Structure formats: structure tokens, C-alpha cells
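# Reading the structure
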Amino acid sequence: MHEHTVAQLAQGLRDKTFTSVELTRAYLQRIAELDSTYNAFITVDEERALASAEAADRRLSTGDVTALTGIPLAHKDIFCTQGIRTSCGSKMLDNFIPPYDATVITRFNQAGAVILGKTNLDEFAMGSSNENSYYGPVKNPWDTSLVPGGSSGGSAAAVAAMLAPAATGTDTGGSIRQPAAFCGITGLKPTYGRVSRLGMIAYASSLDQGGPLAHTAQDCAILLNTMAGHDPLDSTSAEAAVEDYTTSLDNRLEGLRIGLPREYFGEGLDSATGEQIRGALKELEAQGATLVDISLPHSDLTIPAYYIIAPAEASTNLSRFDGVRYGYRCDAPQNLHDLYTRTREEGFGDEVKRRILVGTYALSAGYYDAYYKKAQQARRLIKNDFMGAFEQVDVIAGPTTPGPAFGLGAKSDDPVAMYLEDVYTLAVNLAGLPGMSIPAGLVDGKPVGLQLIGRHFGEAQLLNIAHRFQQATDWHTRSPQTGGAA
Amino acid sequence: MAIEQDEIEKIAELARIRIADDQIGEVTQRITEILGMVDQLQAADTAGVEPMANPLDATQRLRADEVTEINHREAFQAIAPAVENGLYLVPKVIE
């Protein structure tokens, strides 16, 4: 059962081949058997999952169903779930049981999906390796000596190891696409504002966006159909109409113009990874697409602009964790100042503290113009590069990451080296564009991802291209050896 | 650009994060490395470029001035570290 896609499982549920309770039990059993190896989940609530599955089975018997009724899903532990601990990978929220659901969770609940559990992540989504979690690192199912990527590393590992058929993630600078690439699965970061941020614990509010991780583009389309849409409770939620993302998956690619940014194929790209990406692009060419050489001339500003803007927003967002209203509070505070400073010293991990300090510095009097304002100007130049490119081409493609997954511990002592891992994914968030990563080959047995970047609200086209690619290739069907019961 | 240890102490105070004495050296070094990396920005020509705060250049939407929320005080205070009589407790501020 666990080797099926969401689309196949939904068919099985409708055909009564199996029930949601049977399906949910099968995944819960795999988690119980295998997750001690991967550490993909922080919290699993079996009782609640089975109760939801029973409710889904009753709904399935009435015929009032959606494409996700009875489908078990895993959610990144950054989405608030009423009554289920939501830690954000931090000691600060280790005891936090949200009094409300994130809009994304509400939408999945209304669709009748089942929550298997909450997945591991870099603390407050800050990281590219999932090594910054209070709950320990996640291991890559393809090779447990490797990182799964981050920050949605638990979601990516859970899907790759088939502990869940699909999962949610969030992407502030690559946190869906990079772990999807490292774990050999498909991940979509929608346009900024496409998916509600209400109840999605904020890291950098002008960059954060939730999206799906799954085995196929078709499954991502099914999940996005439920996740996307205007939310009056999120003031940055887009009012643009939502398409049915499953209806255009089979559109033909003749005449499609795909831009290949020179800057994404230059120095810094691992040569074997580059070869796999070029091979994948040939497949799209064979289907009638034209490959066009383009330039994104301000690409070198991406990392510095991101690592000012994201920490600046984080320093503001994370000021809410003060030990007063919820979450961690230090023992025996001497006074209010001691309560704040010691709660935050003890509750936050090193990387979170570093980003808060960098952000505080960038926003402080005397440095604001030199750092924050300058970064926001660079951000516009980066966005303008994309807007210019989209006058010549329909989509942009390149590698998701400079190479395949690296070893646990290889970069964890060097924040700057870790930041450079996000070189191809950050610009998409700065420009607010949709981006996808799809499995595009193996390098020494390790998966690499092809990144597709679309125009604002161009999710349907990305999913269409990814689906056509997956109809013609089998990289997305490759899976690591995980063992466990069938 | 290099950042001095006392400047890190000042920022940490602004951010209300205590840094233990034996860690301040390492934190200073890491922040210096990060600021060194972002300093590439200073070379960029951004004259006349309008800063961009929102990727869609959206502005804050207004809603009708109507009460839409009900009072959730009990639910919210049930997860607080310390409350009494409906109030959040903190150490004494005024002697």
C-alpha cells in the first residue's frame, strides 16, 4: 500500500480496495518500525489519526468525498494543529499545544485528510540540513550518513521513506525544494501569498510560503488544490483565482520556451550534477520545448540580500517568544529582564540566535540604510532580472542545488558554507515566484533535483511540465531501500 | 566588516538574548563571518532603486471595521507559563 501515490490511494479508497483505517494503520506501522532510523517525525498521534480515518471511512461510504478524503498526510511541525503539540523544532515550543489550526490544516481537515503526525525541521525553519532541530537531525533515507536537506527535512524524508504518501512543508529560501532534491521526491513552493500563512509559524514573513512534497507532480497538484486559496485572516494572502491544478497536467510542451540562466550552470555547480540536469533538460527538449540561454545578472546579490532580509524579519517575528504567554520560560527569573534574556538564551538554539542577532544588527540605528534598505533594493534588482527573463521565456530551469546531499556534520560548524547551499533557490523567494524541484537523476546513488521556476501564479504550468517529464522518465519512482512491512 | 565584541553585546541586549561570557567570542566570530559575506552588497549599484518589501508589491489590505473574533482568553491562558485571575504573571516590575 505504501508504494502508491496519493492519486492511486484515493482511487483505492473510492473503490473500497482498502479503508482509510487500514491505510492509516499501514503508515503508522511503518513509522513505528522505521522512524527510529530516520527521525522524520517529532510527534505521532495514533489515536487521533485512527479516529480521523474512521470518520473518513464513514464519509467515503456516503460518497461525499474529495480527492484527499481518507488520505493520511504528514505535516511539517511549523503548522499549528489544535490539540497536537507544535514545536517548530525548538525547545522554545516543546510544550506548545496550539489553541487553533493553521488555515492549511483546516483546509485538509475539511477535505477529510488524516494527520499521521508532525515532521521534524530545522528550528524555526532556519537551516539547510535539518541538523538545527532540538529533536535531533533527520537522516536521509537514501543513505543515513547524509543530511535530508532542510528545513523541511522531516517531511521530505518521511515521503522518501514512504512513512507518508505526501507531506506539507514551508519554503523561505529553498526549504521545500532543497530537501525534495536531496531525498529524490517532488516539491512545490507556490507563489508568495498563494497558500495562507495563518498558523504557519513565521520565520521571514515576506518570503515564507507553504507547499506540498510528494512522489509526483500529480500528487503535488492534488495537495495544492486543497492548500491554495485566499484567506481573509492572512493579510498577505493573494486574491487571485485558484485553478484546478490537475486539469492541465497533460498539456503538451511543444513551443514551450525554457530559459537556462548562465549563472546557474557556472562555477560552483558539481559537474556530475550538471550533467544529470542537462540530461533532464534534453528530455523536455525531446517533447518539443526550446532551451534558451538567459542571464540573471544580479544573481551574485542573492545570498547577501537574503541573509539580511530573512534574519531582519526573523528578529522581528521571533521577538514574540518572551516566556510570558506560551512556550518555554526559564526557571526562577530574578526580574523581567532576566525572564526575557534567559528564556531566549535557553529556549533558542545557536543558529536561531545568530540570525536574530544579524537581523537586529541590520535593523539597528545607523546600519539600517547600509544593510536592510540596500538589501531591499537588491531584492528589486533580482526580481527585475526574472521579470526581464520572462519576456523571453515561459519558464526557467536549472539545478535545485549545487550538488547531491552532503554528509551529516559536514557543514554544521560553518554557517556561511551552509548558506551557500541555497544559492539556486533563494532568488525565487526574494522574487515571490513559484518554484519546483523534481527528481532528475542520481549522482553516486544520490538523488539530484531539476528546479523549475515559473511566473507569478504559474503553478499550473510548472506542474504540467513536471508531470510530462515524469510521464517520460522514472526518476521519481526510484526509492531508497527502507525495509519494513509491506 | 569586523564587528567588535562590545557591539555584539549591545545587539544581544537589544534582542534580549543573554550570551554566556564563555560564548561571546565564538558568537562574535560567527557574526563577523556572516556580515563579511553579506558585505558584497555594498559594491552593488542600487542608486535610484526603489526598495522592495513585498515580492508582489502588494500593500496592506483593509477590512471592514467589524468585530469578527470572540474572546479566547481561557484557551490562550491555559497554555501560559503563569497566570492568575485572568492575568499573565511576570516578575515584579515596580518595587
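Above this text sits the structure in question.
### So, the overall build of chain B
- On a plain count of helices and strands, chain B comes out with three helices and two strands.
- From first element to last, N terminus to C terminus, chain B shows the α and β order α-α-α-β-β.
- Taking 2.2 N^0.38 as the reference for a compact globule, 95 residues should give roughly 12 Å; the C-alpha atoms of chain B span a radius of gyration of 22 Å, well beyond that estimate.
- Counting all 95 residues of chain B, 18% fall into the buried class.

### Some details on the overall build of chain A
- On a plain count of helices and strands, chain A comes out with 15 helices and eleven strands.
- When the 486 residues of chain A are sorted by exposure, 62% land in the buried category.
- Pairs at least 24 apart in sequence give 77% of the contacts found in chain A among residues at least 6 apart.

### Notes on helix α1 (residues 5-14) of chain B
- Along α1(B), the residues that are buried comprise B:Ile8, B:Ile11 and B:Ala12. Considered in projection along α1(B), the buried side chains sweep an arc of 100° and stay on one side of the axis.
- Buried-residue contacts for α1(B) involve α11 (350-363) of chain A together with α2 (24-38) of chain B.
- At the C-terminal side of α1(B), B:Arg16 shows a positive phi close to 55°.

### Points about the interface of chain A and chain B
- If you look at the interface, chain A gives 57 residues, while chain B gives 40 residues.
- Every element with two or more residues in the side of chain A that touches chain B is listed here: α9 (302-317), α10 (336-347), α11, α12 (369-389), α13 (415-420) and α14 (426-431) of chain A.

### Quick look at the packing of helix α7 (residues 217-227) of chain A against helix α15 (residues 459-472) of chain A
Residue and element names in this part refer to chain A.
- Here α7 crosses α15 at 150°, and the two axes come no closer than 8 Å. As far as their axial angle goes, α15 and α7 are roughly antiparallel. Taking contact as the criterion, the partners of Ala-217, Gln-218, Cys-220, Ala-221 and Leu-224 in α7 are, on α15, Glu-459, Leu-463, Ala-466, His-467 and Gln-470.
- When the residues that make up the contact of α7 with α15 are grouped by side-chain class, the tally is six nonpolar, three polar and one charged.

### Thoughts on the nonpolar core
All names here are of chain A.
- Among the nonpolar cores identified, the biggest contains 159 residues, and Leu-73, Leu-116, Ala-158, Val-159, Ala-164, Ala-305 and Ile-308 are the most heavily contacted of them.
- The greatest single-element share of this core, amounting to nine residues, is contributed by α9.
- Those residues in contact with Ala-164 that lie beyond four places of it in its chain are Tyr-27, Pro-72, Leu-73, Ala-74, Leu-116, Ala-158 and Val-159.

### Notes on unusual backbone geometry
All names here are of chain A.
- The omega torsion of the bond from Gly-150 to Ser-151 falls at 5°, within 30 degrees of zero and hence cis.
- The phi torsion at Met-162 lies on the positive side, around 60°, for a residue other than glycine.
- Tracing the sequence through the fold places Met-162 in the loop between α5 (153-160) and β4 (166-170).
- Using a count of 21 C-beta atoms within 10 Å as the deciding quantity, one classes Met-162 as buried.
- Backbone geometry places Phe-457, a non-glycine residue, at a positive phi of 65°.
- Here Phe-457 shows up in the loop between β11 (446-453) and α15.

### What about the pairing of strand β6 (residues 210-214) of chain A?
Residues and elements named next belong to chain A.
- Burial within β6 is extensive, with five of its five residues counted as buried.
- Taken together, the five bridges between β4 and β6 define a ladder with antiparallel strand orientation. When the bridges of β6 are listed, Ala-166 appears paired with Ala-214.
- Across two bridges, the pairing between strand β5 (residues 186-189) and β6 is antiparallel. Of the residues in β6, the one forming a bridge with Gly-187 is Leu-213.

Cut-off values and rules
Residues numbered from 1 in each chain as written. Chains lettered and ligands numbered in written order. Predicted model: local features only at pLDDT ≥ 70, side-chain atom pairs only at ≥ 80, totals over all residues. Helix = DSSP H or I, 4+ residues; strand = E, 2+ residues; numbered from the N terminus. Rg over C-alpha atoms; globule rule 2.2 N^0.38 Å. Buried ≥ 20, exposed ≤ 12 C-beta atoms within 10 Å, placed from the backbone. Contact = placed C-beta atoms within 7 Å. Arc of directions from axis to C-beta. Axes fitted to C-alpha atoms, helices over the stretch in contact; angles between N-to-C directions. Parallel < 35°, antiparallel > 145°, perpendicular 65-115°, else oblique. Nonpolar A, V, L, I, M, F, W, Y, C, P; charged D, E, K, R; others polar. Core = buried A, V, L, I, M, F, W, Y, C linked by C-beta atoms within 7 Å. Pairing = 2+ DSSP bridges.

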